[in-house]
Amino acid sequence: MMGAGKTAVGKALAARLGVPFLDSDAEIEKAANMTIAEIFQRDGEDFFRRRETEVIDRLLDTHRGVLSTGGGAFLAERNRALMSEKGVSVWLNAELPLLWSRVKGKNTRPLLRTAHPYETLRAIYEARVPIYALADLSVRAQPHYSVEDMAARVEEALRAREDVLERVQ
């Protein structure tokens, strides 16, 4: 979800693990030489979602690291399958009040540019939570966690899976 900390926690986790941090939205913008909003406006959401899947597939094939995706990417069954087949998906599971505290008053969330942004966020949250719950791992966020605290909890969850991180002897 927007405000969960995908980018901040992803960067901190990548640093902790000594691996690259990748952002699928940034890669799409770089390839198109346009912003996500411009792609949506010019070509539509269906076009964007197809490119998003192609980029996620390519990044998962060519890189080993931490990949942050836009909140809508995980909604597509194909993307969920790619993430689980080629890596592990992690849901940064933050409650609605925490998300709201992080996004309210910011003009950087196009989906919340509505007459009633809290209600919009709540509707998005309620629609997406059942799908996000399909992630391979869920790490609960708490309001008092720092970015580094959350990254440590994600690392702990990843290390609990034998098939994810290489063990250093």
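Residues numbered from 1 in each chain as written. Predicted model: local features only at pLDDT ≥ 70, side-chain atom pairs only at ≥ 80, totals over all residues. Heavy atoms only, no water.

(A) Region of interest: the side chain of Glu155. On the secondary structure map, Glu155 appears in helix α8 (residues 147–159). If we ignore the near neighbours within four places in the chain, the residues touching Glu155 are Leu13, Arg16, Leu17 and Leu165. (Helix = DSSP H or I, 4+ residues; strand = E, 2+ residues; numbered from the N terminus. Contact = heavy atoms within 4.5 Å.)

(B) Inspection of the packing of helix α2 (residues 24–32) against helix α4 (residues 45–62) at higher detail. Orientation of α2 relative to α4, taken along the N-to-C sense of each, is 110°, at an axis distance of 10 Å. In terms of orientation, α2 and α4 fall into the roughly perpendicular class. Taken as a pair, α2 and α4 cross one another with a handedness that is right-handed. Across the interface between the two elements, Ser24, Asp25, Glu27 and Ile28 from α2 touch Phe48, Glu52, Val55, Ile56, Arg58 and Leu59 from α4. In terms of residue class, the contact of α2 with α4 is built from 5 nonpolar, 1 polar and 4 charged. (Axes fitted to C-alpha atoms, helices over the stretch in contact; angles between N-to-C directions. Parallel < 35°, antiparallel > 145°, perpendicular 65-115°, else oblique. Left-handed = near helix turned anticlockwise from the far one by under 90°. Nonpolar A, V, L, I, M, F, W, Y, C, P; charged D, E, K, R; others polar.)

(C) A look at the packing of aromatic side chains. This structure, assessed with the given rule, holds 4 aromatic pairs. Each ring, one from Phe40 and one from Phe48, has its centre 4.9 Å from the other, and the planes form 40°; the classification is tilted. Its relative accessible area of 2% is what places Phe48 among the buried residues. Judged by centre distance (6.2 Å) and plane angle (45°), the rings of Trp91 and Tyr132 are tilted. Here Trp91 is found in strand β3 (residues 90–93), whereas its partner Tyr132 is found in helix α7 (residues 117–132), with 41 residues between them in sequence. Across this residue pair, the class does not change: Trp91 and Tyr132 are buried. In this structure an aromatic cluster arises from ring pairing among Phe74, Trp91 and Tyr132. In this arrangement the basic side chain of Arg51 is found over the ring face of Phe47, its NZ or CZ atom lying 4.6 Å from the centre. Taking NZ or CZ as reference, Arg153 lies 4.0 Å from the ring centre of Tyr145, over its face. (Phe/Tyr/Trp six-rings, centres within 6.5 Å; stacked < 30°, edge-to-face > 60°. Buried < 20%, exposed > 50% of the residue type's maximum accessible area, 1.4 Å probe, protein only. Lys NZ or Arg CZ within 6 Å of the ring centre and 35° of its normal.)

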